[in-house]
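Breakdown of the fold
Chain by chain, the residues run as shown.
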Amino acid sequence: MSRTVLTREQVLEAADDLVRQHGPDALTMRGLAARLGTAVTSIYWHVGNRESLLDALVDRTVEEMGAIQPTGRTPATRIVSVARRLRGELHARPHLIAMVHERGLTERVLLPAQRALVREAHTAGLRGARAAEAVRAVQFQVVGFVLVERARELAQDETPGRERPRKSASARKDPALARALARPADPERLFTASMRALVKSLLAQGST
């Protein structure tokens, strides 16, 4: 009975599963070889060293995400739609954030969204440095928001019984504020509101 020949795609699929389940630190060439029931030399032959493997996983995941197509009738709504789509893609792939951080490949991951943002910035009348600033501001806002969300999720997993923060003096002066802050935050609503405000401010520069 002939043995099935291992392919590069099978190696990447197994590595991706391992990273999704346990994070990039758990990815070792010996562990991957054991998972696939093959020799370590076979893994190296297909994907190179661990650094090359992680780079290939980032490229594979970015390709999975595909091109980001804006929706909406105005540049502002279309830019917000790109931001929301990018946040959704990153949020669905926490392992990608970890890999990107380890490899310093943030720009590569943001490239599909960047292309869409550049087109919308130009449509809104922004050019040159102003357009670049607008594109980067949106990208930074998305990535920063996702990182905060991820940090909060990890903190809740580690300390699910955290006590609520005490009421501050300012909260006592504003009971409605105190009640609102006592309720869990709505990340989707908060992200959309903050992104709309940011985009409105950025695009206003195109008319000055």
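Residues numbered from 1 in each chain as written. Predicted model: local features only at pLDDT ≥ 70, side-chain atom pairs only at ≥ 80, totals over all residues. Heavy atoms only, no water.

Notes on the pattern of salt bridges
This model, assessed by the stated rule, comprises 14 salt bridges. Across the pair Arg-78 and Glu-120 runs a salt bridge, and its minimum N-O distance is 2.9 Å. Pair noted here: Arg-78 is in helix H5 (residues 75–91) and Glu-120 is in helix H7 (residues 106–123), with a separation of 42 residues, a long-range link. Using a relative accessible area of 24% as the deciding quantity, one classes Arg-78 as partly exposed. Of the charged contacts in the structure, one is a salt bridge between Arg-93 and Glu-89, with a shortest N-O distance of 2.4 Å. Classification of Arg-93 as buried rests on a relative accessible area of 12%. Under the relative-accessibility criterion, Glu-89 is labelled buried at 14%. Via salt bridges that share partners, Glu-9, Glu-13, Asp-16, Arg-20, Arg-60, Glu-64, Arg-85, Glu-89 and Arg-93 belong to a single interconnected network. (Salt bridge = Lys/Arg side-chain N within 4 Å of Asp/Glu carboxyl O. Helix = DSSP H or I, 4+ residues; strand = E, 2+ residues; numbered from the N terminus. Buried < 20%, exposed > 50% of the residue type's maximum accessible area, 1.4 Å probe, protein only.)

Re the confidence of the model for the chain
For the chain, per-residue confidence averages 86 on the pLDDT scale, and 89% of positions sit at 70 or higher. Confidence, expressed as mean pLDDT per element, reaches its minimum in the chain at helix H9 (residues 169–173) with 67 and its maximum at helix H11 (residues 187–204) with 95. (pLDDT = per-residue confidence, 0-100.)

A word on the packing of helix H4 (residues 50–65) against H7
When two helices pack together, their arrangement is given by the angle between their axes and by how far apart the axes lie. Two numbers describe how H4 lies on H7: the axes approach to 10 Å, and their chain directions differ by 15°. Between H4 and H7, the angle falls in the class roughly parallel. In this structure, H4 meets H7 at a crossing whose hand is right-handed. Every residue of H7 that contacts H4 at Asp-55, Val-58, Asp-59 and Val-62 is listed here: Arg-108, Val-109 and Pro-112. Residues belonging to the contact of H4 with H7 are distributed by class as follows: 4 nonpolar, no polar and 3 charged. (Axes fitted to C-alpha atoms, helices over the stretch in contact; angles between N-to-C directions. Parallel < 35°, antiparallel > 145°, perpendicular 65-115°, else oblique. Left-handed = near helix turned anticlockwise from the far one by under 90°. Contact = heavy atoms within 4.5 Å. Nonpolar A, V, L, I, M, F, W, Y, C, P; charged D, E, K, R; others polar.)

Brief notes about the environment of Gln-139
With respect to the element layout, Gln-139 can be found in helix H8 (residues 128–158). With a relative accessible area of 2%, Gln-139 lands in the buried category. Between the C-alpha atoms of Gln-139 and Leu-86, which are 53 residues apart in sequence, the distance is 8.8 Å.

Section: the packing of aromatic side chains
Considering all chains together, one arrives at 1 aromatic pair under this definition. Arranged with centres 5.1 Å apart and planes meeting at 70°, the rings of Phe-145 and Phe-191 form a pair that is edge-to-face. With a gap of 46 residues between them, Phe-145 in helix H8 and Phe-191 in helix H11 connect regions that are remote in the sequence. Like Phe-191, Phe-145 is buried. (Phe/Tyr/Trp six-rings, centres within 6.5 Å; stacked < 30°, edge-to-face > 60°.)

What about helix H2 (residues 29–36)?
Turning to H2, its buried residues are Met-29, Leu-32 and Ala-33. Considered in projection along H2, the buried side chains sweep an arc of 100° and stay on one side of the axis. With respect to the buried face of H2, the exposed residues turned more than 90 degrees away are Arg-30 and Ala-34. Turning to H2, the residues buried within the fold contact helix H1 (8–22), helix H3 (40–47) and H4. The positive-phi residue at the C-terminal boundary of H2 is Gly-37, with phi of around 70°. (Arc of directions from axis to C-beta.)

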